[in-house]
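# Fold and contact review
Residues per chain are reported as follows:
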Amino acid sequence: MNVKAFVSVLFFSSFAFLGSAQDCTLDIGGKNTETLIEVFQLNEAQIAQMETLSSTLALTNKALEDDIQKLFDSHPQSTTEELTMLADKYRVLQQKMVNASWEADKRFLMIFNERQYERYLQLCNEAVRLPIKVIPKGIKDSITDPE
């Protein structure tokens, strides 16, 4: 997949979660894993860490999806007030999913080197999205261990 296609994926994946439309998310655990590997030229260790983050996020999301299902199955839905309360409770669980995804993306970005993070910033700029601000490991290493 080329860079234009990746920017499109990045742009549209930003709309995947309500409330994060402005964030430049990477959608760790989504369907664009191969694109992330290619665009950011991930090494084997980074790929392994991405897979771990993806698995952890999947477990978190599964638990939250189960909570959402329980909510829909057990919450009264007869009156407008009950439906409003159900919607409020659903939004809380949905926001937890958004937050978990954002945290996974943040942790992933922290394992980038300087070149990879610059590439991320460039792509976010092209997609007119707000990047997640982190200090990637590659940059931390050069700050704490100057040569």
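The structure under discussion appears in the preceding block.
Along each chain, residues carry numbers from 1 onward, in the same order as the chain's sequence is written. In keeping with the predicted nature of the model, local features appear solely for residues at pLDDT of at least 70, side-chain atom pairs appear and are counted solely at 80 or more, and the whole-chain, interface and lining totals rest on all residues. Only hydrogens and water are removed before side-chain values are computed, so all heavy atoms of the structure are retained for them.

In DSSP terms, a helix is any run of H or I states spanning at least four residues, a strand is any run of E spanning at least two, and both are numbered starting from the N terminus. Of the regular secondary structure elements, the protein chain holds six helices and zero strands. Reading the secondary structure of the protein chain in the N-to-C direction produces α-α-α-α-α-α. For every residue, the accessible area (1.4 Å probe, protein chains only) is compared with the maximum for its type, and the residue is labelled buried under 20%, exposed over 50%, or partly exposed between those bounds. Of all 147 residues assigned to the protein chain, the portion counted as buried reaches 34%. Partitioning the intrachain contacts of the protein chain with sequence separation of at least 6 by distance along the chain shows that 67% fall at a separation of at least 24. The contact criterion used throughout is that any non-hydrogen atoms of two residues lie within 4.5 Å.

A few words now on the packing of helix α3 (residues 44–74) against helix α4 (residues 80–109). Two elements in contact, α3 and α4, have axes whose closest approach is 10 Å; the angle formed by their N-to-C orientations is 175 degrees. Here α3 lies roughly antiparallel to α4, going by the angle between them. Contact residues: Gln 46, Met 50, Leu 53, Leu 57, Thr 60, Asn 61, Leu 64, Glu 65, Asp 67, Ile 68, Leu 71 and Phe 72 in α3; Leu 86, Lys 89, Tyr 90, Leu 93, Lys 96, Met 97, Ala 100, Ser 101, Ala 104, Arg 107 and Phe 108 in α4. Amino acids outside the nonpolar list (Ala, Val, Leu, Ile, Met, Phe, Trp, Tyr, Cys, Pro) and the charged list (Asp, Glu, Lys, Arg) are all regarded as polar, and Gly is one of them. Considering only residue class, the contact of α3 with α4 consists of 14 nonpolar, four polar and five charged. The axes used here are C-alpha line fits, helices contributing only the stretch in contact, and every angle between their N-to-C directions lies in the interval 0 to 180 degrees. The labels follow the angle: roughly parallel below 35 degrees, roughly antiparallel above 145, roughly perpendicular from 65 to 115, and oblique for the rest.

With that out of the way, let us pick up the packing of aromatic side chains. Side-chain rings of Phe, Tyr and Trp, where Trp is taken by its six-membered ring, are said to pair if the distance between their centres is within 6.5 Å; with planes under 30 degrees apart they count as stacked, over 60 as edge-to-face, and otherwise as tilted. Enumeration over the complete set of coordinates arrives at four aromatic pairs. Summarising the aromatic geometry, the rings of Phe 108 and Phe 112 are spaced 5.0 Å apart at their centres and angled 75 degrees between planes, so their arrangement reads as edge-to-face. Owing to a relative accessible area of 0%, Phe 112 belongs among the buried residues under this scheme. Among the aromatic residues, those joined into a cluster by ring pairs are Phe 40, Phe 108 and Phe 112.

What follows covers the environment of Gln 49. Its location among the elements puts Gln 49 in helix α3. Using a relative accessible area of 38% as the deciding quantity, one classes Gln 49 as partly exposed. Residues Gln 49 and Arg 107 lie 58 residues apart in sequence; the distance between their C-alpha atoms is 9.3 Å.

Time to look at the state of the cysteines. Any two cysteine sulfur atoms lying within 2.5 Å of each other are counted as a disulfide. This model, assessed by the stated rule, comprises one disulfide. At a sulfur-sulfur separation of 1.9 Å, the disulfide partner of Cys 24 is Cys 124. What sets the handedness of the Cys 24 and Cys 124 disulfide is the S-S torsion sign, and at about -90 degrees it is left-handed. Residue Cys 24 is located in the loop between α1 (3–13) and α2 (33–40), and its partner Cys 124 is located in helix α5 (residues 114–126); the two are separated by 100 residues in the primary sequence. Given the relative accessible area of 0%, Cys 24 is considered buried. In this structure Cys 124 comes out as buried when scored by relative accessible area, which is 0%.

Along its 30 residues, α4 runs 43 Å from first to last C-alpha, staying within 8% of the 44 Å computed at 1.5 Å per residue. Taken together, the buried residues of α4 touch α3 and α5. Expected span of a helix: the number of residues minus one, times 1.5 Å.

Let us look at the environment of Arg 119. The topology assignment puts Arg 119 in helix α5. Relative accessible area serves as the criterion here: at 24%, Arg 119 is assigned to the partly exposed category.

Time to look at the environment of Tyr 117. If you trace the backbone, Tyr 117 turns up in helix α5. Owing to a relative accessible area of 6%, Tyr 117 belongs among the buried residues under this scheme. Between the C-alpha atom of Tyr 117 and that of Pro 131, which follows or precedes it by 14 residues, the distance is 9.9 Å. Discounting chain neighbours no more than four positions away, the residues touching Tyr 117 are Leu 109, Phe 112, Ile 132, Lys 133, Val 134 and Pro 136.

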